[in-house]
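Analysis of the macromolecular model
Next come the chains, spelled out residue by residue.
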Amino acid sequence: MPKMKTHKGAKRRFKVTGSGKVLQQKGVRGNKINRAKRSQQKWGKDQPTSRANREHLKVALPYGLK
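Residues numbered from 1 in each chain as written. Predicted model: local features only at pLDDT ≥ 70, side-chain atom pairs only at ≥ 80, totals over all residues. Heavy atoms only, no water.

What to know about the overall build of the protein chain
This is how it is decided: A helix here means a DSSP run of H or I that spans at least four residues, while a strand means a run of E at least two residues long, and both kinds are numbered starting from the N terminus. A radius of gyration in this sense is built from C-alpha atoms; the matching globule rule multiplies 2.2 Å by the number of residues raised to 0.38. The contact definition used throughout considers only heavy atoms, calling two residues in contact when any of these lie within 4.5 Å.
Within the protein chain, the secondary structure is distributed over 3 helices and 3 strands. Going from N to C terminus, the protein chain has its helices and strands arranged as α-β-β-α-β-α. The C-alpha radius of gyration of the protein chain comes to 14 Å, more than 25% above the 11 Å expected for a compact globule of 66 residues. Projected onto its principal axes, the C-alpha positions of the protein chain cover 50 × 20 × 20 Å. Within the protein chain, residue pairs in contact and separated by at least 24 positions form 52% of the contacts whose partners lie at least 6 positions apart.

Encoded structure:
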């Protein structure tokens, strides 16, 4: 059976923690330099994905999610 391909956009936007949780970035990826310090801190942390997204990510990241 051939290898499955990883979706490269999903690989850049999501990460899987050691315990198996899937985290996503909060939307703003660039142009933070012109914003207030407090709003930059707000975007710094990742947030867990919804259950519906996790089902799609099993297809997009075949080797990243178990």
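On we go from here.
Some remarks on the pattern of salt bridges
Our working rule: Salt bridges are defined as contacts in which a side-chain nitrogen from Lys or Arg sits within 4 Å of a carboxyl oxygen from Asp or Glu. Only protein chains enter the accessibility calculation, which uses a 1.4 Å probe; a residue whose area is less than 20% of its type maximum is buried, one above 50% is exposed, and one in between is partly exposed.
In total, this model carries 2 salt bridges according to the counting rule given. The salt bridge partner of K15 is D46, with a shortest N-O separation of 3.3 Å. In this pair, K15 sits in strand β1 (residues 14-16) while D46 sits in the loop between α2 (37-42) and β3 (47-48), placing the two residues 31 residues apart along the sequence. Using a relative accessible area of 46% as the deciding quantity, one classes K15 as partly exposed. One salt bridge in this structure joins K58 and E55, with 4.0 Å as the shortest N-O distance. Of this pair, K58 and E55 both sit in helix α3 (residues 51-60), 3 residues apart, which is roughly one turn of that helix.

Topic: the sheet that holds strand β2 (residues 22-24)
The condition is simple: Two strands make a pair as long as DSSP finds a minimum of two bridges between them.
What the 3 strands build is an open sheet, ordered β1-β2-β3; its pairing is antiparallel. Here the strands that pair on one side only, and so sit at the sheet edges, are β1 and β3.

Some words on the side chain of T49
Within the element layout of this structure, T49 appears in the loop between β3 and α3. With a relative accessible area of 5%, T49 lands in the buried category. Other than its neighbours up to four places away in sequence, T49 contacts F14, V22, L23, Q24, R54 and L57.

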